[in-house]
Structure formats: C-alpha cells, structure tokens
Amino acid sequence: MDKRGYRRIYGLWAILAAVMIFFCSGGEKSLKEGKELAPDLVRTVSIDGSHYLTVVAYRDKIQDKESFAWMLLEMYRQDSFQTIKVSGGSREKGELPERLYIKVYLHKEDIGESDPVCQIKVEGGERVYLDGVEKRDIR
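Bear in mind the structure is a predicted one, so any value in this text is a computation, not a measurement.

Q: Any details on the overall build of the chain? Residues and values, ideally.
A: Across its full length, the chain holds three helices and six strands. Along the chain, helices (α) and strands (β) appear in the sequence α-α-β-β-α-β-β-β-β when read from the amino end. For the chain, the proportion of contacts with a sequence separation of at least 24, taken over those separated by at least 6, is 47%. Accessible surface computed for the chain: about 9,500 Å², of which carbon and sulfur atoms make up 52%.

In structure tokens, the structure reads:
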C-alpha cells in the first residue's frame, strides 16, 4: 500500500474516533437541547365548524404565553406549521375560523401524559381567550 492509502485509512479512523467521542460524550443531546425549534402542529380535528389543534412548543418553558399565543395564531393564518398544513374553510383567506381551540404542550411526550401548558380559544373569529381569560378582539 502506498503513502496515500495509509493516509486515507488514518483519516477514516480519525473521523470514526471523533464521531464516537462526540456521541459517547452526549454531544448530540446538547445540540438538541441548545436549539429551540419552531412550534409545530401535530394534530388537527374539525367537527361542525370547530377546529381543534394540538401544538408542540418544542421548548422547556414558554416565557410569555400571550406573545406565544399571538405567534401561533399568526402561524395558523399563514399556514406555516411544518408537519401538518391546515386547509379548507376560511383558512385559505388568512382568517381565523369561527371556533378554534388550541392546546399547547411543551414536548411531544407530554401529549396525553400531562395537561397542556396553555389553551387558546378563538370565538366568532375575533375574540381570543388564553387559558380562559379574554385577551382582546383581533379585528
């Protein structure tokens, strides 16, 4: 084997060793924990004009629930969720439906295991409630 062949083998071993050290030291876990992902819609059900959504926040804590709620409503209007695209009804006009109910969980594993961290309700396509308290009309 020539000198180039040995260099390739040593290079491959060095890469393999670096990858092993990274995973053994928990590097992939710190990458996941250090980056907040965008909230995502993981379930949607529509019954008699009412829309029920389940959203995962992908974070350990929601600092400002009201700002987070307005961001989710805007994401709904723009249909900018990654996993599920919302379609039909008034959604295509960028408006909110007459009745919209959103349950928010911090992590996917929390669904069905714990209560949602917040609940957003829209009535009449205008009135917004966060955890049962009316926030304001969104006209």
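So that's the structure; there's more coming.
Q: Break down the pattern of salt bridges for me, with residues and values.
A: Evaluation of the coordinates by the stated rule reveals five salt bridges. The partner of Lys65 in a salt bridge is Asp131, and the shortest N-O contact between them spans 3.7 Å. Here the residue Lys65 occupies a position in helix α3 (residues 65-78), and Asp131 occupies one in the loop between β5 (127-130) and β6 (133-137), the gap between them amounting to 66 residues. For Lys65, a relative accessible area of 32% translates into the label partly exposed. The residue Lys121 makes a salt bridge to Glu123 at a minimum N-O spacing of 3.4 Å. Classification of Glu123 by relative accessible area gives partly exposed; the value is 23%.

Q: Give a detailed account of the pairing of strand β2 (residues 50-56), specifying residues and quantitative values.
A: In terms of burial, β2 is a largely internal element, six of the seven residues being buried. Bridge count between strand β1 (residues 40-47) and β2: seven bridges; the pairing is antiparallel. Residue pairing for β2: Ser46 is matched across the bridge by His51. Relative to strand β3 (residues 99-105), β2 is paired through seven bridges, and the arrangement is parallel. By the bridge assignment for β3, Tyr52 is matched with Tyr101.

Q: Outline the nonpolar core, supporting the account with residue identities and numerical values.
A: One finds Leu72, Leu73, Leu100, Ile102, Val104 and Ile120 to be the most contacted residues of the largest nonpolar core, which totals 23 residues. The residues contacting Leu73, other than those within four sequence positions of it, are Leu96, Leu100, Ile102, Ile120, Val122 and Val128.

Rules of the game
Residues numbered from 1 in each chain as written. Predicted model: local features only at pLDDT ≥ 70, side-chain atom pairs only at ≥ 80, totals over all residues. Heavy atoms only, no water. Helix = DSSP H or I, 4+ residues; strand = E, 2+ residues; numbered from the N terminus. Contact = heavy atoms within 4.5 Å. Areas by Shrake-Rupley, 256 points an atom, 1.4 Å probe, with all protein chains shown as cover. Salt bridge = Lys/Arg side-chain N within 4 Å of Asp/Glu carboxyl O. Buried < 20%, exposed > 50% of the residue type's maximum accessible area, 1.4 Å probe, protein only. Pairing = 2+ DSSP bridges. Core = buried A, V, L, I, M, F, W, Y, C linked by side-chain atoms within 4.5 Å.

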